[in-house]
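# Analysis of the macromolecular model
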Amino acid sequence: VAMSTTGDKILDTALSKIGEKSLFTKELENALERNEVDLVVHSLKDLPTSLPPGFTIGAVCKRENPLDAVVFHPKNCGKTLSLLPEKSVIGTSSLRRAAQLKKKFPHLEFRDIRGNLNTRLKKLDEKEDFSAIILAAAGLKRMGWENRIGQLLGPEDCLYAVGQGALAVEVRAKDQEILNMVSALHDADTVLCCIAERAFMKHLEGGCSVPVAVNTLLKDGQLYLTGAVYSLDGSDSLKETMQTGVSYPHQNEDGPNDDVQHVGITAKTVPGQAQEAAENLGVELASLLLSKGAKHILSVARQLNDAR
């Protein structure tokens, strides 16, 4: 069942200005609630860290490349951002991307660009307004347009969005049959990384109206989470990394624990202690940034964004 959402329809306003938390999810959740559909598929990064009552993320699929990618105007083919001429205009609708890249590439200008992938690529190719646009590599790969990626932005250039590159399957929280069915789709590593990222965002009270960014790595049973907050122009920022162990045996947690959610995710196939450790990591990292002044950076960013 194909559906379109508010976020797909309002294309003349920056996402961060619409101020609606469930831009890309509300219509789908309404259909779920009315039992018209049994599961809905989202990009995890579109899902708020607190889901409406009665819903849960029943599966988080194996993550595609979570990095951001640069797609260049045909005339700039073969270049990188640092090689673009002074005052070149880069299109992105993300405050997070703009904040980081303004700081890293002060010779460039950043402007809002909205629309689905087709629309944005068309705007880039057919007009002379933009020298390049920034998109999630995952979206380009899923559409089979990987050949358009001119440059991948590693963590040293641009940390990614919470949940970027992962697909989430949202279901009715009480629908055990569907929950059990979709749980086969969980990718344990992705689940743990995304729980940590979502817990970080939730504790910071971040959303798409403020620049919050992450980078996670799971290696040898250790989960590493880097989190950062930025002012809108990128001049002010806080960034820290923390780690925790997540290798726990799987215990059969029968009974009431079945429905334990971690930042909106129900993952019975992943050890509960590992999920808890991941969630705690996100909360602790957010607390560390808050203790260093993240709240001030975010509230100024929010006020400036509202005033734009």
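Here the structure is a predicted model, which means the values were calculated and not measured.

## Comments concerning the overall build of the chain
When helices and strands are counted, the chain shows ten helices and eleven strands. Classification of the 308 residues of the chain by burial places 51% in the buried group. In the chain, 71% of the contacts between residues at least 6 apart in sequence involve partners at least 24 apart. Total accessible area on the chain stands at roughly 14,200 Å², and carbon and sulfur atoms take up 50% of it.

## What about a nonpolar patch on the surface?
Together, L39, V41 and M181 make up a nonpolar patch on the protein surface, roughly 270 Å² of accessible area in all. Position of M181 among the secondary structure elements: in helix α7 (residues 176–182).

## Structural notes on the sheet that holds strand β1 (residues 40–43)
Two pairing modes exist for strands in a sheet, parallel and antiparallel, and in both the strands are linked by backbone hydrogen bonds. Taken together, the three strands give an open sheet; going across it, the order is β1-β8-β2, and neighbouring strands pair in antiparallel fashion. Across the chains shown, the open sheet's two edge strands, defined by having one partner strand only, are β1 and β2 (55–60). Direction aside, neighbouring strands of the sheet carry axes that sit 40 degrees apart on average. Examined bridge by bridge, β1 and strand β8 (residues 167–172) share four bridges and lie antiparallel to one another.

## A short note on the pairing of β8
For β8, the buried fraction is high: five of the six residues fall into the buried class. Relative to β8, β2 is paired through five bridges, and the arrangement is antiparallel. Following the sheet pairing, I57 is matched in β8 by E170.

## Observations concerning the side chain of Q151
Within the element layout of this structure, Q151 appears in strand β7 (residues 151–153). Within polar-contact distance, the side chain of Q151 engages the backbone nitrogen of L81 at 2.9 Å. If near-sequence neighbours (up to four positions away) are discounted, Q151 is found in contact with D68, A69, V70, F72, T80 and L81.

## Quick look at the pattern of salt bridges
All chains considered together, the criterion is met by twelve salt bridges. K75 is the salt-bridge partner of E128, the closest N and O atoms lying 2.9 Å from each other. With E128 in the loop between α5 (117–126) and β6 (132–136) and K75 in the loop between β3 (68–72) and β4 (89–91), this residue pair connects regions lying 53 residues apart in the sequence. In the salt-bridge network here, residues are joined through shared partners; they are D38, R172 and D175.

## Quick notes on the sheet that holds β3
Strand order in this open sheet of five strands is β5-β4-β6-β3-β7, and the pairing throughout is mixed. The two strands at the open ends of the sheet, each matched to only one other strand, are β5 (109–111) and β7. Between one strand axis and the next, the sheet turns by 30 degrees as a mean value, whatever way the strands run. Against the sheet, helix α4 (residues 95–104) touches β3, β5, β6 and β7, its axis set at about 125 degrees to β6.

## A few points about the nonpolar core
Residues L44, I57, F200, L204, V212, L223 and V229 are the most contacted members of the largest nonpolar core, which totals 45 residues. Listed by contribution, the elements that provide at least two residues to this core are β2, α8 (188–204), β9 (212–219), β10 (222–230), α9 (272–291) and α10 (294–307). With ten residues, the top contributor of residues to this core is α8. When near neighbours in sequence (up to four residues on either side) are disregarded, F200 contacts V212, A213, V214, L225, G227, A228, G282, V283, L285, A286 and L289. If you look at the next biggest cluster of nonpolar residues, it comprises 14 residues, including L84, I90, F105 and I134.

Conventions used here
- Residues numbered from 1 in each chain as written.
- Predicted model: local features only at pLDDT ≥ 70, side-chain atom pairs only at ≥ 80, totals over all residues.
- Heavy atoms only, no water.
- Helix = DSSP H or I, 4+ residues; strand = E, 2+ residues; numbered from the N terminus.
- Buried < 20%, exposed > 50% of the residue type's maximum accessible area, 1.4 Å probe, protein only.
- Contact = heavy atoms within 4.5 Å.
- Areas by Shrake-Rupley, 256 points an atom, 1.4 Å probe, with all protein chains shown as cover.
- Patch = residues over 30% accessible without salt bridge, like charges linked within 9 Å, V, L, I, M, F, W, Y side chains within 5 Å.
- Salt bridge = Lys/Arg side-chain N within 4 Å of Asp/Glu carboxyl O.
- Pairing = 2+ DSSP bridges.
- Axes fitted to C-alpha atoms, helices over the stretch in contact; angles between N-to-C directions.
- Polar contact = N/O pair within 3.5 Å; in protein donor to acceptor, adjacent residues only side chain to side chain.
- Core = buried A, V, L, I, M, F, W, Y, C linked by side-chain atoms within 4.5 Å.

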